[in-house]
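Coordinate inspection notes
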Amino acid sequence: MAKTANKTVEQRRRRVAEVLPVLKSVYPNAKCSLDYRTPLQLLVATILSAQCTDVRVNLVTKTLFKKYKTPEDFANAPEGELERDIQSTGFYRNKAKSIRAMAASLIKEHRGNVPETMEELTSLAGVGRKTANVVLGNAFSQNVGVVVDTHVARLSQRLELTKHSAPEKIELDLMELVPREDWTLWSHLLIHHGRAICQARRPECGKCQIFKYCPTGPKILAERETG
C-alpha cells in the first residue's frame, strides 16, 4: 500500500515537473493581479478580493489607496465612510469591519508594520491562511504555502494532483508536489491558465498547451463528442 502511495506521489510530482516549464513559457509575466505598492495595500486588497473579482478590487483601490495611506487612516476611518468607499466589492460591512480591526492590530501589536510570519498574519482580523500566503509570497517573497483559489483548486483537480476539495487539503498536496521555490509562482500560473484556457464551464482543451499532461482533458473532449 505504501509503495502504491509513493508511486502515485512520484507520478504527480513528475506531472508538475512537466507542466511547470510549459506554463512558465506561456505566461512569462505571471504575477499577482492585484495592484499594490506596499504590504499594507496588498493586505487590504486581498481582504477586499473575497467573493469579488481582482478587476473590481483594482478599480476600488485606485481611489481607496489615495485616501487611506496608513494603518491609522484605516483604523480611524468612520465605519460608514469606509463601507461606502468599498461597497462595490460586496460584503462591504464585514470587510470594512475586518480592515479597521486589522489596522488597529497592526498599530497596537506591530508598530504599524505588516508582520512577515504566517502566525502573526493569521492572528489579524479578516486574515486567513490564503490571504497570509498572498502577502507573504508577493509582498515579502516568502514561499510559506500555496495560495489556493477557485482556479488553483479546479486545475489541481483536473490535473489529478489532488483528490480533495477543501483548500487547506489541496494546499498540503501541492506543497508536497511543487518545488518550494515555485509555490507562489505556481498559483499565479494556474490562475492565468484558468482564466485564459481552463475555465470552469467550458475549458478550451483544444487550445490547451498542457493538454497532453492532463488526465481530464481527453475525458472532457470525449463527453462533448458523445453529448
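This write-up is about the structure you can find in this document. (Residues numbered from 1 in each chain as written. Predicted model: local features only at pLDDT ≥ 70, side-chain atom pairs only at ≥ 80, totals over all residues. Heavy atoms only, no water.)

**Quick word on the packing of helix 2 (residues 39-48) against helix 6 (residues 92-110)**
Across the interface, helix 2 lies against helix 6 with an axial gap of 10 Å and an inter-helix angle of 155 degrees. Relative to helix 6, helix 2 is oriented roughly antiparallel. Where helix 2 crosses over helix 6, the two elements pack in a sense that is right-handed. Contacts from Leu40, Leu43, Val44, Ile47 and Leu48 in helix 2 reach Lys95, Ile99, Met102 and Leu106 in helix 6. (Axes fitted to C-alpha atoms, helices over the stretch in contact; angles between N-to-C directions. Helix = DSSP H or I, 4+ residues; strand = E, 2+ residues; numbered from the N terminus. Parallel < 35°, antiparallel > 145°, perpendicular 65-115°, else oblique. Left-handed = near helix turned anticlockwise from the far one by under 90°. Contact = heavy atoms within 4.5 Å.)

**A closer look at the side chain of Ser105**
Mapped onto the secondary structure, Ser105 falls in helix 6. Ignoring sequence-local partners within four residues, the contact set of Ser105 consists of His110 and Leu124.

**A few points about the pattern of salt bridges**
Inspection of every chain in the model, using the stated rule, returns 9 salt bridges. What you see here is one network of salt bridges that share partners, running through Lys67, Glu81 and Asp85. (Salt bridge = Lys/Arg side-chain N within 4 Å of Asp/Glu carboxyl O.)

**Some points on unusual backbone geometry**
The residue Phe91 is not glycine, and still its phi comes out positive at about 50 degrees. The backbone phi angle of Arg111 is positive, close to 55 degrees, even though this residue is not glycine. Note on Arg111: relative accessible area 79%, which makes it exposed. (Buried < 20%, exposed > 50% of the residue type's maximum accessible area, 1.4 Å probe, protein only.)

**Focus on the side chain of Arg12**
Assignment of secondary structure puts Arg12 in helix 1 (residues 2-26). In this structure the side chain of Arg12 is engaged in a polar contact, spanning 3.2 Å, whose partner is the backbone oxygen of Glu160. (Polar contact = N/O pair within 3.5 Å; in protein donor to acceptor, adjacent residues only side chain to side chain.)

**A few points about helix 9 (residues 150-158)**
In terms of burial, helix 9 is a largely internal element, 7 of the 9 residues being buried. Inspection of helix 9 places His151, Val152, Ala153, Arg154, Leu155, Ser156 and Arg158 among the buried residues, and these make up the whole buried set. Structurally, helix 9 contributes buried residues whose contacts are with helix 10 (167-177), helix 11 (183-196) and helix 12 (217-226). Where helix 9 begins, the capping side chain belongs to Asp149, and its oxygen is found 3.0 Å from the backbone nitrogen of His151. Downstream of helix 9 by a residue or two, Glu160 has a phi angle that is positive, lying close to 55 degrees.

**Focus: the packing of aromatic side chains**
This model, assessed by the stated rule, comprises 1 aromatic pair. Their ring planes at 15 degrees and their centres at 5.0 Å tell us that Tyr68 and Phe74 sit as a pair that is stacked. (Phe/Tyr/Trp six-rings, centres within 6.5 Å; stacked < 30°, edge-to-face > 60°.)

**A short note on the nonpolar core**
Here is a general trend for soluble globular proteins: nonpolar side chains tend to be buried in one another's company. Within the largest apolar cluster, 36 residues are counted, with the highest numbers of intra-cluster contacts made by Val44, Leu64, Phe74, Leu82 and Met102. Counting residues per element, this core draws most heavily on helix 2, which supplies 7 residues. Filtering out sequence-adjacent residues up to four positions away, Leu64 remains in contact with Val44, Leu48, Phe74, Leu82, Asp85 and Ile86. Among the nonpolar cores identified, the runner-up in size contains 28 residues, and Tyr27, Val148, Ile210 and Cys214 belong to it. (Core = buried A, V, L, I, M, F, W, Y, C linked by side-chain atoms within 4.5 Å.)

**Digging into the packing of helix 2 against helix 3 (residues 54-67)**
At a closest axis distance of 10 Å, the pairing of helix 2 and helix 3 adopts a crossing angle of 140 degrees. Here helix 2 lies oblique to helix 3, going by the angle between them. Crossing of helix 2 against helix 3: the hand is right-handed. When helix 2 is examined against helix 3, the residues Gln41, Val44, Ala45 and Leu48 are found in contact with a partner set consisting of Val57, Thr61, Leu64 and Phe65.

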